[in-house]
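If you want the building blocks of each chain, they are given just below.
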Number of protein chains: 2
Amino acid sequence: MITMATIHDVARLAKVSIATVSRVMSGADPVNPKTQQRVMEAMEQLNYTPNGLARNLRSLKTNVIIALVPDIKNPFFSEVIRGIEDGAREAGFHVLVGSTDGDREKAKAYMALLEESRADGLILTTAQMDQAFIEDFAARRPMVLACEYIAGSEIPCVSIDNESAARKITKHLLALGHTRIAHIMGPSNVVLSQARLNGYKQALREHGMPEDELLVQEGDFSIESGYAVAKKLLSIERLPTAIFAASDVMAIGALRAIHDHGLRVPDDIAVAGFDDINMASYVSPALTTIHQPRYEIGQRSVQMLVKLMKAEELGQAQVVLEDTMIIRESSGKGHEEKG
Amino acid sequence: MITMATIHDVARLAKVSIATVSRVMSGADPVNPKTQQRVMEAMEQLNYTPNGLARNLRSLKTNVIIALVPDIKNPFFSEVIRGIEDGAREAGFHVLVGSTDGDREKAKAYMALLEESRADGLILTTAQMDQAFIEDFAARRPMVLACEYIAGSEIPCVSIDNESAARKITKHLLALGHTRIAHIMGPSNVVLSQARLNGYKQALREHGMPEDELLVQEGDFSIESGYAVAKKLLSIERLPTAIFAASDVMAIGALRAIHDHGLRVPDDIAVAGFDDINMASYVSPALTTIHQPRYEIGQRSVQMLVKLMKAEELGQAQVVLEDTMIIRESSGKGHEEKG
DNA sequence: AACATTTATGTAAACCTTTACATGCAGAGA
DNA sequence: TCTCTGCATGTAAAGGTTTACATAAATGTT
């Protein structure tokens, strides 16, 4: 709509040079109070707003960071994003959120914005693309992994120890006397799915339990997949006595599947989730799960990214935050705490 | 990291002018195949990526649109965002998502990006700020309201008819014989909360039911508020026989409150929600609710915004999409459909 | 009074593109 | 041979800032 006033217009009206106008705005260099007054009035009168694009071009900074999530509808990630947004705001950045659907091309399209200088940094919440590509990218651009840790990689990251957390919650189920514990894992091409699967297997092994291939099935973190995979597990001849889902969302899908199958949780089958999303304590039965400090993961990852962008030393590049097991109703007897 | 190659570097290496390099990229003007070849090789060799900021400044377009939601953690909005993102991608735009927390200042900070030419358009999913401010903004910048319709305003919008939908679902409860129907409304400063409240009241009036002030309580669309407000309703001496919550998320909070209170849904108290979020059919009992075509709302609103940005005629400026009542378990008897 | 210092302001380059206009040249028609 | 047309390319302006450097005026120092 109507063409905007530029710094030149302001300068002309205030009878000064554009440099002076710029100085009034930045407040960096000294400027005569009277002149300053005149400039401010001119700005007011023309309803002047500086053009951000021009500033960006001049400074070669955009103050935009990109946060890529596999699925924005997934409540776990939206809480992480919230942490990212708040951390970004504090540091003076805006967040461009991209939902990748596990589609590499979509992810790469967002990452291209960095190459084009249209964003300054990247936070990746799940690394689904080829590791080589990521390593290469991280070497050239400021980037942080949130939620996920890539073994043997130097890329800065903030996450919990998914393996030990999964081991912990599986042990909880074992301690309750369960002998056939099924696992609904996340997408197998995602690092953290593997980590959680490993933790699960380690716990079984430590307890001398045999591994049953039938009891491990792959989902995609969606509620629909949790439902579908649980249905599948319920059709096994020797039913599992407990199901450990790699995410609360899938666990909620499983709850429904068990309910529809005419069985009760936790009496007939115990269920445990992962993430401790907001809703976990509201569904019935309330979910036993692993609490991830998701907000903090988001915040911390931005803080690291900011340091990276400023080329500051970031001390520890791999940050592992604490998780907490939260025991609620869905795992049955031996409750120690009510969410 | 290492300074980037510019179009000048490419031109120098290929022994042509920068104009020719630009032409090779755009493909608009004819250029000699041999020269083209040389330029491409130079680009390749220097690993050249054009600077998006410079392009943006030159064209005065950013291809970025801003989508403002009250709370990114709210699953209803994240599904709308998904529609917005997909619509935007199709039209060649990127989406900057902002969570406002009902904080006007945060919202205004995002809107300022438009004034600074750092974004081309705006989609507002809830209008919490003063109407005058919004009207003024909409007059100067391309903007569309999604989910919400402001009575008497000319601002383009895409939504359902919240009033009639609320009336419809309240009537459903009345038809089931409920006499004391409570309403957990959304924040009273949000237009659609008022619309839903009106629909609720109209239905009661049509059935000759008295209005009971005690039965209408305000929440903020969060699960916690649904829980808290339901608790409050359960402490009324003459208990409500049904609760209509203005969002599924609050309804889920209410389900838990009723459960914790030792009552059963729908036998003791019926519950109805609004939105039909993904999880609505998975919780137990599954929620009776109003299905909003949220993905389509997102998509359509981007389409309108794009027209607005191109200054094309957009025919109908106020679009009302169809909603559907979905009857599930939480409202009890008379089920016509299973989610 | 001459000079050094400080303060206020202006000039112009730089950031990296796109594009209107200008130029040069080859082939075609007279 | 001369002019006309059309293609391929170059030149330079424009987009709106910020900022290094230059200049000018005012103040302070001896």
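Note that the structure is predicted; figures quoted are calculated from it, not measured. (Residues numbered from 1 in each chain as written. Chains lettered and ligands numbered in written order. Predicted model: local features only at pLDDT ≥ 70, side-chain atom pairs only at ≥ 80, totals over all residues. Heavy atoms only, no water.)

Draft legend 1. Molecular detail of the protein's contact with DNA strand C. In the region of DNA strand C, 27 residues are neighbours, and S17, R23 and T35 of chain A together with I7 and R58 of chain B sit closest. Among atoms of DNA strand C positioned within 4 Å of the protein, sugar and phosphate together represent 62%. The backbone of S17 of chain A places a nitrogen or oxygen atom 2.7 Å from a phosphate oxygen of DNA strand C. Interatomic distance of 2.7 Å between a side-chain N/O atom of R55 of chain B and a phosphate oxygen of DNA strand C. When residues of the surface near DNA strand C are traced back to their parent elements, those giving at least two are helix 2 (18–26) and helix 4 (52–59) of chain A together with helix 1 (7–14), helix 2 (18–26) and helix 4 (52–59) of chain B. If you tally residues by element for the surface near DNA strand C, the top one is helix 2 of chain B, at 4 residues. Residue composition of the surface near DNA strand C, by class: 13 nonpolar, 9 polar and 5 charged. (Near = heavy atom within 4 Å. Polar contact = N/O pair within 3.5 Å; in protein donor to acceptor, adjacent residues only side chain to side chain. Helix = DSSP H or I, 4+ residues; strand = E, 2+ residues; numbered from the N terminus. Nonpolar A, V, L, I, M, F, W, Y, C, P; charged D, E, K, R; others polar.)

Draft legend 2. Examining the interface of chain A and chain B more closely. Listed by partner, the interface residues are 60 residues for chain A and 60 residues for chain B. A per-residue breakdown of the area chain A buries against chain B is headed by L53, R256 and Y282 of chain A, which together make up 15% of the total. Run the count over chain A and chain B and you get 6 salt bridges. The partner of R82 of chain B in a salt bridge is D71 of chain A, with the nearest N and O atoms 3.5 Å apart. Inspection of the region where chain A meets chain B yields 16 residue pairs in polar contact (both at pLDDT 80 or more). (Contact = heavy atoms within 4.5 Å. Buried area = accessible area lost by both parts, 1.4 Å probe. Salt bridge = Lys/Arg side-chain N within 4 Å of Asp/Glu carboxyl O.)

Draft legend 3. Molecular detail of the protein's contact with DNA strand D. Around DNA strand D lies a shell of 27 residues, among which I7, S22 and R58 of chain A together with R23 and T35 of chain B are the nearest. For DNA strand D, a phosphate oxygen lies 2.7 Å from a polar atom in the side chain of S22 of chain A. Within the backbone of N32 of chain B, an N or O atom sits 2.8 Å from a phosphate oxygen of DNA strand D. Sorting the residues of the surface near DNA strand D by element identifies helix 1 (7–14), helix 2 and helix 4 of chain A together with helix 2 and helix 4 of chain B as the ones contributing at least two each. Among the residues making up the surface near DNA strand D, the classes are represented as 13 nonpolar, 9 polar and 5 charged.

Draft legend 4. Local environment of the sheet that holds strand 5 (residues 157–160) of chain B. All names here are of chain B. Reading across from one edge, 2-1-3-4-5-11 is the order of the 6 strands in this open sheet, with parallel pairing throughout. Both outer strands of the open sheet, strand 2 (94–99) and strand 11 (318–321), are each paired with one neighbouring strand and no more. This sheet shows a mean twist of 20° between the axes of neighbouring strands, independent of strand direction. As paired elements, strand 5 and strand 11 share 4 bridges and run parallel to each other. Across the sheet, residue V158 finds its bridge partner in strand 11, namely V319. Against the sheet, helix 5 (residues 75–91) engages strand 1 (64–69), strand 2 and strand 3 (121–124), with an angle of about 170° to strand 1. Packing of helix 12 (residues 294–309) onto the sheet brings it into contact with strand 1, strand 3, strand 4 (143–146), strand 5 and strand 11, and relative to strand 4 it is tilted by some 165°. (Pairing = 2+ DSSP bridges. Axes fitted to C-alpha atoms, helices over the stretch in contact; angles between N-to-C directions.)

Draft legend 5. Spotlight on unusual backbone geometry. Omega for the bond connecting V265 of chain A with P266 of chain A falls within 30 degrees of zero, at 5°, which places this linkage in the cis form. Checked against the element boundaries, P266 of chain A lands in the loop between helix 11 (248–260) and strand 9 (270–272). Despite not being glycine, N63 of chain B has its phi angle at roughly 60°, a positive value. Within the secondary structure, N63 of chain B sits in the loop between helix 4 and strand 1. For N63 of chain B, a relative accessible area of 28% puts it in the partly exposed group. (Buried < 20%, exposed > 50% of the residue type's maximum accessible area, 1.4 Å probe, protein only.)

Draft legend 6. Molecular detail of the domain arrangement of chain A. Domains assigned within chain A are domain 1 (7–50), domain 2 (62–160 + 294–323) and domain 3 (162–292). Placing the centre of domain 1 of chain A and that of domain 3 of chain A at their C-alpha centroids yields a distance of 64 Å. (Domains from an automatic or database assignment.)

Draft legend 7. Structural view of helix 9 (residues 191–206) of chain B. Residue and element names in this part refer to chain B. Taking 1.5 Å of rise per residue, 16 residues should cover 22 Å, and helix 9 covers 23 Å from first to last C-alpha, within 8% of that figure. Within helix 9, burial applies to L192, S193, A195, R196, L197, G199, Y200, Q202, A203 and L204. The first or second residue beyond helix 9 is G208, which carries a positive phi of 65°. (Expected span 1.5 Å × (residues − 1).)

Draft legend 8. Representation of the nonpolar core. Counting residues in hydrophobic clusters, the biggest one holds 158 residues, and the most contacted among them are I65 and I184 of chain A together with I65 and I184 of chain B. Beyond its immediate stretch of four places on either side in the chain, I65 of chain B contacts I84, A88, F93, H94, V95, L96, G121, I123, V302, L305 and M309 of chain B. Counting residues in hydrophobic clusters, the runner-up holds 41 residues, among them L122 and I155 of chain A together with I66 and L122 of chain B. (Core = buried A, V, L, I, M, F, W, Y, C linked by side-chain atoms within 4.5 Å.)

Draft legend 9. Representation of the packing of helix 1 of chain A against helix 3 (residues 33–46) of chain A in the model. Residues and elements named next belong to chain A. Interhelical geometry of helix 1 versus helix 3 gives an angle of 125° and a closest axis separation of 9 Å. As judged from the angle between their axes, helix 1 and helix 3 are oblique. Here helix 1 and helix 3 pass one another in a crossing that is right-handed. Of the residues in helix 3, those in contact with D9, V10, L13 and A14 of helix 1 are R38, V39, A42, M43, Q45 and L46. A breakdown of the residues in the contact of helix 1 with helix 3 according to their chemical character gives 7 nonpolar, 1 polar and 2 charged. (Parallel < 35°, antiparallel > 145°, perpendicular 65-115°, else oblique. Left-handed = near helix turned anticlockwise from the far one by under 90°.)

Draft legend 10. Structural view of the pattern of salt bridges. One pass over the full model with this rule turns up 44 salt bridges over all chains. Of the charged contacts in the structure, one is a salt bridge between E115 of chain B and R141 of chain B, with a shortest N-O distance of 3.5 Å. Of this pair, E115 of chain B sits in helix 6 (residues 104–115) while R141 of chain B sits in the loop between helix 7 (131–140) and strand 4, and the two are 26 residues apart along the sequence. When its relative accessible area of 16% is taken as the criterion, R141 of chain B is described as buried. In this structure, E206 of chain B engages K171 of chain B in a salt bridge whose closest nitrogen and oxygen atoms are separated by 3.0 Å. Here E206 of chain B is found in helix 9, whereas its partner K171 of chain B is found in helix 8 (residues 162–175), with 35 residues between them in sequence. For E206 of chain B, a relative accessible area of 52% gives the class exposed. Residues participating in the shared-partner salt-bridge network are D71, D101 and K106 of chain A together with R82, D86 and R89 of chain B.

Draft legend 11. Representation of the state of the cysteines. The tally for this structure, following the rule as stated, stands at 0 disulfides over all chains. In this structure C147 of chain A is a free cysteine whose sulfur lies 10 Å from that of C157 of chain A, the closest cysteine sulfur available. (Disulfide = S-S within 2.5 Å.)

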